[in-house]
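Remarks on the overall topology
The chain contents come next:
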Amino acid sequence: MSNETAHIDQFLLIHSARADNWRAVTTLADAWALGRGERAAMETALAGLEAVEEYHAYPGTQLLTALRERIATNDAGGAAKLARRISNSLLTRAYRGRPAEWDVHDEMSPTEVADVMPPATGETGGRRPYFEALFVNSQPSARWPAFAREIGRLRRPEDPFIYEPVIVGSFEDAICATLLNPDIISVVLAEGFPYHSRHDAPVLRSVLDPLGETDSADMSALRLARALRRVRPELDVYLLSDRQVEKIAGDPTADAIRRVFYAVEEPLEMHLAILEGVQTRYETPFFDNLKKYARRPIGTFHALPIARGKSVFKSDWIRDMGEFYGLNLFLAESSATTGGLDSLLEPTGNIKRSQDMAARAFGADHVFFVTNGTSTSNKMAVQALLAPGDIAVVDRNCHKSHHYGMVLTGAQPYYVEAFPMTAYSMYGAVPLATIKRALLALRAEGRLDRLKLLDLTNCTFDGHMYNVRRVMEECLAIKHDLIFLWDEAWSGFARFSPFLRPRTAMGAAAEIEEWLRDPASVDAYEKQQADLGDTPSDEALLTTRLIPDPRLVRLRVYQTNSTHKSMSAIRQGSMLLVKDVDFHTVEAQFHEAVFTHASTSPNQQLIASLDVARRQMELEGYGLVMNAIEIALKIRRAINEHPLISKYFRALGAADMIPEEYRQSGFTDYLAPGSTWATAVKAMQEDEFYLDPTRITVVCGTAGFDGTQFKGLLANEYGIQLNKTSRNSVLLQSNINNTRSDVAHLVRVLVEICHGIEKRLSDGGEGERATFAARVKSLMTDVPDLPNFSQFHEIFRGDAGRTTPEGDIRAAFFNAYDPSLCEYVPLIGDECDRRLREGPEMVSANFVIPYPPGFPIMVPGQVLTQETIDFMRKLDVKEIHGYEKARGLKLVKPEAVTAKAKR
Ligand SMILES: *Cc1c(COP(=O)(O)O)cnc(C)c1O
């Protein structure tokens with residue numbers, strides 16, 4: 001095999017490598033058939049596939065046996081033909097809809113092309129959705145084909161879905177199959193299987209060992225069920241037992257099992273249960289009802305003329321809108337909450353059920369659907385959780401919705417700084433030490449009781465993921481009832497990767513919950529207390545990995561995600577996830593927040609798309625996210641290992657994006673030599689920050705482009721869109737929508753751009769080369785320092801602590817409503833410089849938020865420093881919210897400052 005397998009991404013690429021490997025087998029078979037290759041080469045390639053193929057229903061034993069027989073009997077032509085058929089079927093996924101694909105004797109005529117696009121009629125595209133069910137059993141493998149046939153016979157024409165069995169015989173194989181085969185969405189366990197796989201393929205070891213599962217006395221089906229659900233919580237797991245099923249079902253740890261069956265009972269029951277389990281995830285209560293609603297004849301006398309589309313389709317002037325969107329959009333529009341449509345503001349029917357199902361899928365206790373984006377979800381959470389005067393420790397670099405939320409609610413933000421990445425004009429994330437220091441400072445000021453919330457962005461725009469569990473545990477050790485708001489606008493999808501889930505709010509909260517239940521946790525806490533002594537110094541607290549008191553902890557975790565940014569929701573579809581043991585104490589406030597922020601005319605299509613996005617992720621999210629990660633790794637490698645592209649461009653790895661001190665495991669990058677799946681897993685578990693592989697910062701300054709310029713070039717010349725840039729980089733993101741063709745297109749475009757540069761440099765001679773070098777140098781080295789938050793002016797500090805920097809942002813914000821209290825000072829000019837030198841201090845009257853980078857350079861009430869002004873002057877972006885170039889910086893007048901100070 002190629003160097004493909006030598007890399008860390010081996011595991012992450014196993015899935016997509018399948019198609020490549022089959023193509024390789026086909027090529028070798030063709031060569032053999034044409035007398036240009038050896039039979040042995042094909043046999044070896046095929047043997048290399050076998051361990052992984054066992055975890056997939058197709059091509060299955062029958063076709064694989066036939067292929068081996070043809071090879072054994074020297075039927076080179078027959079083998080080549082069959083290999084090609086299998087390869088094509090995998091590629092086009094034809095085996096999912098065409099039973100003949102599974103038949104050895106069906107040789108499709110070469111002109112017959114399998115349909116790649118699903119047919120466009122009927123509820124499910126005219127084809128029943130296909131999945132695979134894993135059966136773990138203890139029967140000898142010779143019995144498996146007969147067992148598979150028995151399962152096949154259970155199929156009925158009225159089944160809503162169709163599935164094929166995958167049969168394995170050990171704990172290890174079961175884990176591998178669920179990891180490697182995303183089509184598996186149901187698992188049936190029989191008891192009595194061994195731990196070890198009968199294979200000892202290196203690929204198996206490479207996948208399993210880092211997970212830390214080991215052979216032990218407990219080889220029960222329950223243990224396997226728990227292990228499987230840890231990997232993929234959305235799976236339905238069933239247990240077949242011939243022992244005391246009543247006892248198993250009553251086991252307190254049996255919650256990983258959906259249903260227990262007595263093994264000798266009617267197998268049809270099991271078949272029906274499998275289908276019903278999938279149906280439970282397939283159901284989309286709001287969307288299902290909306291479709292029904294659209295089909296009913298309805299006369300509307302409410303205020304939404306567009307509903308039913310008559311004003312559109314009968315019009316000579318706007319009919320094109322109807323033709324563009326199609327009739328269903330208008331049939332599904334309604335302002336009614338009758339007809340079973342439910343109310344988003346006070347859901348009791350199918351919206352409530354849809355939200356409950358989303359809570360299940362995302363591991364929350366409650367979910368609020370939000371139809372105005374995460375901008376609104378954040379404001380809702382901030383408003384519901386904070387009252388005027390409460391303190392929130394908040395990343396200064398977070399999305400503006402948090403800052404505006406603080407203004408609205410009158411809370412006092414205590415800004416903390418992310419580590420800067422000056423070379424690329426961007427910020428990382430906030431180090432845990434900074435957060436702990438803030439908590440300890442508030443404690444020293446006697447203000448810890450006023451602190452209510454820690455508010456952070458995870459992951460950041462550029463892909464920094466916190467060690468969420470560690471942050472929460474250490475903070476809870478200092479303040480046991482601190483509330484956490486994790487803005488996961490970008491990373492809602494991460495739930496569906498076992499690899500990224502621990503670094504999400506809900507994933508980490510689940511782990512902490514489990515830890516809180518474990519009796520050993522109290523001992524760990526007591527031991528640490530003894531070690532720390534009665535009055536530990538701040539220094540000791542800062543350098544110790546603190547353990548909270550499990551008896552005191554109130555676990556209160558909130559997460560917002562822009563479902564539209566990483567899943568199949570329509571723009572602005574967002575969710576607010578709640579996992580809060582004290583939710584009942586703030587529930588009324590959340591309803592107020594909904595009433596405050598939600599439109600009274602929420603969009604039906606948006607709600608439906610949230611419902612559908614959840615369905616998709618529960619049924620195929622695992623495979624989609626795996627694909628997004630694979631694509632990302634392919635892009636990273638394509639850029640950094642391409643001889644021409646890598647001369648001018650570079651995708652930044654973990655070592656570039658995260659300072660060494662925050663990579664405790666020593667992990668450097670996915671592509672680094674020596675990186676393995678095991679080192680990546682270790683980094684994911686231990687490191688303070690971890691780089692989300694799907695967010696790829698590509699340096700373009702080295703190709704002579706600033707970010708904005710390069711973004712424009714890609715969009716205008718090549719139809720490639722991206723949205724974030726910095727002075728010398730652009731951000732590429734892969735998501736569940738990307739395909740390998742996208743990677744190919746990107747690579748082709750980059751090669752073309754590089755050729756252009758090379759040509760220009762060689763045609764232009766010395767002069768051109770000097771200009772280019774100067775341009776690169778300016779982009780890469782002449783970078784502005786990133787300003788830290790200075791401070792709130794004394795007059796806007798409210799009752800802040802003597803040494804702590806929180807401020808009364810609301811007072812400062814509304815101060816600017818009185819124009820007589822404000823003045824403008826040009827950014828460029830003597831006055832600004834003189835004021836910096838001699839005073840009086842310049843105090844910003846409002847927010848100034850440049851795009852990019854999109855975080856406030858100034859907040860209301862902030863004292864401006866030389867660094868702030870320098871940064872503003874060097875900014876070369878067009879869009880700066882809150883700054884009018886013609887008038888200058890909007891400041892609080894010195895007289896107004898003095899007057900306020902006297903009061
Ligand atoms: C995009 C974004 C938001 C706002 O979400 P919308 O859905 O666009 O309103 C909030 N926080 C972060 C970190 C974001 O990236």
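Figured I'd write up the structure that's included with this text.

Considering the site of the ligand
As a structural note, the neighbourhood of the ligand is formed by G373, T374, S375, N378, H399, T457, D487, A489, W490, S562, H564 and K565. Contact between the ligand and S562: an oxygen atom at 2.8 Å from a side-chain N or O atom of the residue. The side chain of K565 places a nitrogen or oxygen atom 2.8 Å from an oxygen atom of the ligand. Calculation on the ligand without its partners gives an accessible area of 380 Å², and the protein chains cover 84% of this total. Examining the composition of the shell around the ligand, we find that four residues originate from one element, helix 16 (residues 373–385), more than from any other. Split into classes, the residues belonging to the shell around the ligand amount to two nonpolar, eight polar and two charged.

Here's the deal with the packing of helix 6 (residues 171–180) against helix 8 (residues 221–231)
As a packed pair, helix 6 and helix 8 sit with axes 10 Å apart at the nearest point and diverge in direction by 20°. Classed by the angle they form, the pair helix 6 and helix 8 counts as roughly parallel. Where helix 6 crosses over helix 8, the two elements pack in a sense that is right-handed. Residue-level contacts link F171, A174, I175, T178 and L179 of helix 6 to R223, L224, A227, L228 and V231 of helix 8. Its residues assigned to classes, the contact of helix 6 with helix 8 comprises eight nonpolar, one polar and one charged.

Side note on the environment of P519
Within the secondary structure layout, P519 lies in the loop between helix 20 (505–517) and helix 21 (520–532). Put simply, P519 and P157 are 362 residues apart on the chain and 51 Å apart in space, counted from C-alpha to C-alpha.

Remarks on helix 33 (residues 866–874)
Looking at helix 33, one finds that the buried residues are T868, I869, F871 and M872. Along the long axis of helix 33, the arc covered by the buried residues comes to 160°, so they all point the same way.

Topic: helix 29 (residues 707–718)
Here helix 29 contains twelve residues, and its C-alpha end-to-end distance of 16 Å stays within 8% of the 16 Å for a straight helix at 1.5 Å per residue. For helix 29, the complete set of buried residues consists of G707, F710, L714 and Y718. Buried residues of helix 29 fall within an arc of 70° about the axis and therefore sit on the same side. Set apart from the buried face of helix 29 by more than 90 degrees, the exposed residues are N716 and E717. Those residues of helix 29 that are buried lie in contact with strand 19 (729–733) and helix 30 (740–781). Here helix 29 starts with a cap whose side-chain oxygen sits 3.0 Å from the backbone nitrogen of T708, and that cap is D706. Count one or two residues on from helix 29 and you reach G719, which has phi positive near 65°.

A word on the sheet that holds strand 2 (residues 162–168)
Spatial strand order, 2-1-3-4-5: five strands in an open sheet with parallel pairing. Of all strands in the sheet, those with a lone pairing partner are strand 2 and strand 5 (259–262), marking the two edges. The mean inter-strand angle of the sheet, taken between neighbouring strand axes irrespective of direction, is 25°. Most of the contacts of helix 5 (residues 144–152) go to strand 2, to which it runs at about 160°, and overall it touches strand 1 (130–136) and strand 2. Helix-sheet contacts for helix 6 involve strand 1, strand 2 and strand 3 (184–190), and the interaxial angle to strand 1 is about 165°.

Some points on the environment of E333
Position of E333 among the secondary structure elements: in the loop between helix 14 (327–331) and helix 15 (350–362). Taking relative accessible area as the criterion, E333 reaches 14% and is therefore assigned buried. Separated by 26 residues in the primary sequence, E333 and A307 have C-alpha atoms spaced 4.9 Å apart. With near-sequence residues (within four places) excluded, E333 lies in contact with Y293, L304, I306, A307, N603 and Q605. A distance of 2.6 Å separates a polar atom in the side chain of E333 from a polar atom in the side chain of Q605.

Cut-offs used in this document
- Along every chain, residues carry numbers that run from 1 in the direction the sequence is written.
- Whole-chain, interface and lining totals are the exception, using all residues; otherwise, since this is a predicted model, local features are given only for residues with pLDDT of at least 70 and side-chain atom pairs are given and counted only at 80 or more.
- Each side-chain value is derived from all of the structure's non-hydrogen atoms; neither hydrogens nor water enter the calculation.
- Whether a residue is near a molecule or strand is decided by its heavy atoms; if any one of them lies within 4 Å of it, the residue is near.
- Throughout this description, a polar contact denotes any pair of N or O atoms lying within 3.5 Å of each other; where both atoms belong to protein, one of them has to be capable of donating a hydrogen while the other can accept it, and for residues adjacent in sequence the pair is counted only when both atoms sit in side chains.
- With residues, only the protein chains shown are counted as cover, and all accessible areas are computed by Shrake-Rupley using a 1.4 Å probe.
- Numbering of helices and strands runs from the N terminus; a helix is a DSSP stretch of H or I covering at least four residues, while a strand is a stretch of E covering at least two.
- For this classification, the nonpolar set comprises Ala, Val, Leu, Ile, Met, Phe, Trp, Tyr, Cys and Pro, the charged set comprises Asp, Glu, Lys and Arg, and every other residue, Gly included, is treated as polar.
- To obtain an axis, a line is fitted to C-alpha atoms, over the contacting stretch when the element is a helix, and the angle between two such axes runs from 0 to 180 degrees between their N-to-C directions.
- Each angle receives one of four descriptions, namely roughly parallel if under 35 degrees, roughly antiparallel if over 145, roughly perpendicular if within 65 to 115, and oblique otherwise.
- In this scheme the handedness of a crossing depends on how the near helix is turned from the far one: anticlockwise by less than a right angle means left-handed, clockwise means right-handed.
- Contacts: residue pairs with any heavy atoms within 4.5 Å of one another.
- Only protein chains enter the accessibility calculation, which uses a 1.4 Å probe; a residue whose area is less than 20% of its type maximum is buried, one above 50% is exposed, and one in between is partly exposed.
- An arc is given here, and it is the one of the directions from the helix axis to the C-beta atoms.
- The span you would expect from a helix comes to 1.5 Å times its residue count less one.
- Here a strand pair is declared whenever DSSP counts at least two bridges between the two strands.

This is a description of form; function is not addressed.
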